[in-house]
Amino acid sequence: MWILWALAAAFSAALVVVLTKAGLKNVDSNLAFAIQAVFIFCITWGIVTVQGNFAALKEIDQKGWILLVLAGIATTLSTVFSYKALSIGPAAYVTTVERLSLVIAVILSIVFLKEKFTWQLGLGVTVMIAGAVLIAVSQAASK
């Protein structure tokens, strides 16, 4: 079931890139994110409300709060940086380089979460890096 959620996330993320790039034509990237953040806030808290998960807030321990706050800060910075890059660069190239986050996430997951490294994972990471470099170089060469 996780694969369906992951594919839905990938499709949604692709829509975010295209819609944001189109919406950034005459809008400051930080203002654009602030506008979208209002909807993020309303929709996610709406889901929590519908699911009846407010009570679970008190069950989150201190370490959980710290990690979630740090993840929230990282999410915000990632989006701010992404929107800035999208405001000045082509979406296809920005997204490709930005998605090197997948490679970094794999490395961090292995180091900090002790997830298993396999040859398939290593090959996939290598292909992702090669693809990002190829696309970034092709953009640089076309200027």
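Residues numbered from 1 in each chain as written. Predicted model: local features only at pLDDT ≥ 70, side-chain atom pairs only at ≥ 80, totals over all residues. Heavy atoms only, no water.

Q: Which parts of the structure should I look at to understand the packing of aromatic side chains?
A: Aromatic ring pairs are defined here through the distance separating the ring centres and the angle between the ring planes. All chains considered together, the criterion is met by three aromatic pairs. For the ring pair phenylalanine 41 and tryptophan 45, a centre distance of 6.5 Å and an interplane angle of 55° mean the geometry is tilted. Here the residue phenylalanine 41 and the residue tryptophan 45 both occupy positions in helix 2 (residues 29-51), the gap between them amounting to four residues, near one helical turn. The exposure class of phenylalanine 41 is exposed, given its relative accessible area of 51%. Geometrically, the ring pair formed by tryptophan 45 and phenylalanine 54 is stacked, given 5.5 Å between the ring centres and 15° between the ring planes. The exposure class assigned to phenylalanine 54 is partly exposed, which follows from its relative accessible area of 42%. Joined through ring pairs, the aromatic side chains of Phe41, Trp45 and Phe54 make up one cluster. (Phe/Tyr/Trp six-rings, centres within 6.5 Å; stacked < 30°, edge-to-face > 60°. Helix = DSSP H or I, 4+ residues; strand = E, 2+ residues; numbered from the N terminus. Buried < 20%, exposed > 50% of the residue type's maximum accessible area, 1.4 Å probe, protein only.)

Q: How should the pattern of salt bridges be read in this particular structure?
A: Applying the stated criterion across every chain, the model contains one salt bridge. In this structure, arginine 99 engages glutamate 98 in a salt bridge whose closest nitrogen and oxygen atoms are separated by 2.7 Å. Residue arginine 99 is classed as partly exposed on the basis of its relative accessible area of 28%. (Salt bridge = Lys/Arg side-chain N within 4 Å of Asp/Glu carboxyl O.)

Q: Can you walk me through the environment of leucine 108 in this structure?
A: Considering the arrangement of structural elements, one finds leucine 108 in helix 5 (residues 101-112). Residue leucine 108 is classed as partly exposed on the basis of its relative accessible area of 42%. For the pair leucine 108 and leucine 70, spaced 38 residues apart in sequence, the C-alpha separation works out to 15 Å.

Q: Help me out: how do you make sense of a nonpolar patch on the surface in this one?
A: Judged by side-chain polarity, Phe41, Trp45, Phe54, Leu57, Trp65, Ile66, Leu67, Val69, Leu70, Ile73, Leu77 and Phe81 come together as a nonpolar surface patch covering roughly 1,200 Å² of accessible area. Contributing elements (two or more residues each) for the nonpolar patch: helix 2 and helix 3 (62-88). Sort the elements by how many residues they give to the nonpolar patch and helix 3 lands first, with eight residues. Structurally, leucine 67 is set in helix 3. (Patch = residues over 30% accessible without salt bridge, like charges linked within 9 Å, V, L, I, M, F, W, Y side chains within 5 Å. Areas by Shrake-Rupley, 256 points an atom, 1.4 Å probe, with all protein chains shown as cover.)

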